[in-house]
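Spelled out, the chains give:
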2 protein chains.
Amino acid sequence: MSIQDAPSLSLHCGDCPIRHRAVCARCEVDELQHLEEVKYYRSFEAGQTVTWAGDKMDFVASVVSGIATLTQTMEDGRTQMVGLLLPSDFVGRPGRETAAYNVTATTDLLMCCFRKQPFEDLMLRTPHVAQRLLEMTLDELDAAREWMLLLGRKTAREKIASLVAIIARRDASLKLRSPQGRMAFDLPLTREAMADYLGLTLETVSRQISALKRDGVIELQGKRHVTIPDFDRLLTEAGDDNDGGYLA
Amino acid sequence: MSIQDAPSLSLHCGDCPIRHRAVCARCEVDELQHLEEVKYYRSFEAGQTVTWAGDKMDFVASVVSGIATLTQTMEDGRTQMVGLLLPSDFVGRPGRETAAYNVTATTDLLMCCFRKQPFEDLMLRTPHVAQRLLEMTLDELDAAREWMLLLGRKTAREKIASLVAIIARRDASLKLRSPQGRMAFDLPLTREAMADYLGLTLETVSRQISALKRDGVIELQGKRHVTIPDFDRLLTEAGDDNDGGYLA
DNA sequence: ACAGAACCTTGACCCAAATCAAAAGCAGTC
DNA sequence: GACTGCTTTTGATTTGGGTCAAGGTTCTGT
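Visitor: I would appreciate a short explanation of the protein's contact with DNA strand D in the present structure.
Guide: Near DNA strand D you find 18 residues, and of these Ala156(A), Thr204(A), Arg207(A), Arg191(B) and Ser206(B) are the closest. Sugar plus phosphate, as a fraction of atoms of DNA strand D within 4 Å of the protein: 64%. Contacts to DNA strand D include Ser206(B), whose side-chain N or O atom sits 2.7 Å from a phosphate oxygen. Between Arg207(B) and DNA strand D, the recorded distance is 2.9 Å, taken from a side-chain N or O atom to a base nitrogen. Listing elements by their share of the surface near DNA strand D, those giving two or more residues are helix H7 (202–214) of chain A together with helix H7 (202–214) of chain B. By residue class, the composition of the surface near DNA strand D is 3 nonpolar, 7 polar and 8 charged.

Written out as structure tokens, the structure reads:
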């Protein structure tokens, strides 16, 4: 996969880490210079909350490093994760005052933030940025719909395989490689977080991971480090077409 | 609810039916005149397919009248509905060549189409339209995430109540009223379509509808016409906060 | 090294929803 | 009116994943 084809978040620029600067190749850097003056960084420790649903949220941001989750809860405590934020992902909604979801850091997290007002002003001035944001939002919508198929129709085993495949894909993409053959990486989520993402209980997650391990679909070193001997096999277990390209 | 507050699809204009012209109040009509020359109508009979996932799709469109569904399928035939298109809803993705989902008319359907190329040109020229489209896409994303909570964590009874509440809300919105108290409308979907939307089987849908009827949460005249004696009661059954504002 | 706290695994049992099966309602239409 | 082909309801049975419970691992701080 070339840098041109890499999933791009062209909202990064300036002193952001190398990968973000690299994908910036696709955008007009000049326009983004306007954001330099309103850009700032925030870091969070693992477990810290970035925003609570309903709170005032006066910034938009993208993840520089670490992992955050986006969750929804019902009054009785049932929770469903609705998004996983990996490096280069964007969070926040222009034109909305309050956060719609709980955003929580699951690892140490560094975010690159822009105050909302200047960001919106920039969007109005530069159609290119608005265009890019639309593209990103449409990608997220596709991912959400793919997830609806998973939540509504897949078995527990397929759900786990799908999640592992998605993490594998994202990990490969961060390394600017295409996902195939043998791969190794860490699961960035606890069993409970996986359960919340997949609409399962943590016990079922644990059991199905054990089953996939027993059947040789995945290998485990410790609780979190995974090796996938055959990515296509994993996709078959996930019930996916082997060409699926959704990302989060 | 005033016309100003009505959920707006400001992409309609000209000779579109009254409601769409009404909500056009929020947009600069002049800009949209550019689209008149590339606008055309297509009608479909109930059951007809608008697009197949993977097919070339050279237009974007919005629903004028009737109902369409957006579905995803796995190879073995399991299907999950990922969107319900009611009058004023938009479908199609600027910047993508092929359809990502099956779009099917479930009633007779009239769509207002724009060829993709001229539409994209207009978007580049008029930030206002791109802005509006971004807003709409973000709304759809919120709705999709709300649906993820439903699919992942709600019981069958809650799912049915949620679906009825959503249809009630949308119906009220088409009539420019706010959803409350006693309401009556037709379910635009078969039991099977509801099942595909909710991640259930059609038998479970039927049973839960019977149960809600028995418990006085809904009243049924025939198979499809529903009366809701108390909208708040319905929302409680749906497990929703009673202020939820998502739409589709 | 040890205590305590997370986090994870496994087992036994249970239940909500799926599956299998049959019949009833309903709309065309010949 | 009765034949045909839906859609819907209802019943009986099965089952995948939830719930409850007990241990085991790994990590952290002292």
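Visitor: Mind showing me how you'd approach the packing of helix H4 (residues 127–153) of chain B against helix H5 (residues 156–174) of chain B here?
Guide: In helix packing, the relevant descriptors are the interaxial angle and the interaxial distance, both defined with respect to the helix axes. Residues and elements named next belong to chain B. Axis separation between H4 and H5 bottoms out at 9 Å; the angle between their running directions is 155 degrees. As judged from the angle between their axes, H4 and H5 are roughly antiparallel. As for how H4 packs across H5, the hand of that crossing is left-handed. Contacts between H4 and H5 involve Trp147, Leu150, Leu151 and Arg153 from the former and Glu158, Lys159, Ser162, Leu163 and Ile166 from the latter. Residue classes in the contact of H4 with H5 are distributed as 5 nonpolar, 1 polar and 3 charged.

Visitor: Even after reading the chapter, I still don't get helix H5 (residues 156–174) of chain A, so can you show me in this structure?
Guide: Along an α-helix, residues three or four positions apart point the same way, because every turn accommodates 3.6 residues. All names here are of chain A. Under the 1.5 Å per step criterion, the end-to-end length of H5 is 27 Å for 19 residues, consistent within 8% with the ideal 27 Å. Within H5, 16 of the 19 residues are buried, leaving the element largely enclosed by the surrounding structure. Leu176 lies just past H5 and shows a positive phi near 55 degrees.

Visitor: Got a minute to help me understand the state of the cysteines in this structure?
Guide: Linking two cysteines covalently via their sulfur atoms produces the bond known as a disulfide. Summed over all chains, the structure comprises 0 disulfides over all chains. For the unlinked cysteine Cys113(B), the closest cysteine sulfur is that of Cys112(B), found at 6.8 Å.

Visitor: Would you explain the interface of chain A and chain B in this entry?
Guide: Interfaces are often sized by the amount of accessible area the parts lose when they come together. Each side of the interface is counted separately: chain A has 45 residues, and chain B has 45 residues. Interface area lost by chain A to chain B is led by Arg145(A), Met148(A) and Arg153(A), which between them contribute 19%. At the boundary of chain A with chain B, the tally comes to 12 salt bridges. Notably, a salt bridge pairs Arg145(A) with Glu140(B), separated by 2.8 Å at the nearest N-O pair. Inspection of the region where chain A meets chain B yields 25 residue pairs in polar contact (both at pLDDT 80 or more).

The rules behind the values
- Residues numbered from 1 in each chain as written.
- Chains lettered and ligands numbered in written order.
- Predicted model: local features only at pLDDT ≥ 70, side-chain atom pairs only at ≥ 80, totals over all residues.
- Heavy atoms only, no water.
- Near = heavy atom within 4 Å.
- Polar contact = N/O pair within 3.5 Å; in protein donor to acceptor, adjacent residues only side chain to side chain.
- Helix = DSSP H or I, 4+ residues; strand = E, 2+ residues; numbered from the N terminus.
- Nonpolar A, V, L, I, M, F, W, Y, C, P; charged D, E, K, R; others polar.
- Axes fitted to C-alpha atoms, helices over the stretch in contact; angles between N-to-C directions.
- Parallel < 35°, antiparallel > 145°, perpendicular 65-115°, else oblique.
- Left-handed = near helix turned anticlockwise from the far one by under 90°.
- Contact = heavy atoms within 4.5 Å.
- Expected span 1.5 Å × (residues − 1).
- Buried < 20%, exposed > 50% of the residue type's maximum accessible area, 1.4 Å probe, protein only.
- Disulfide = S-S within 2.5 Å.
- Buried area = accessible area lost by both parts, 1.4 Å probe.
- Salt bridge = Lys/Arg side-chain N within 4 Å of Asp/Glu carboxyl O.

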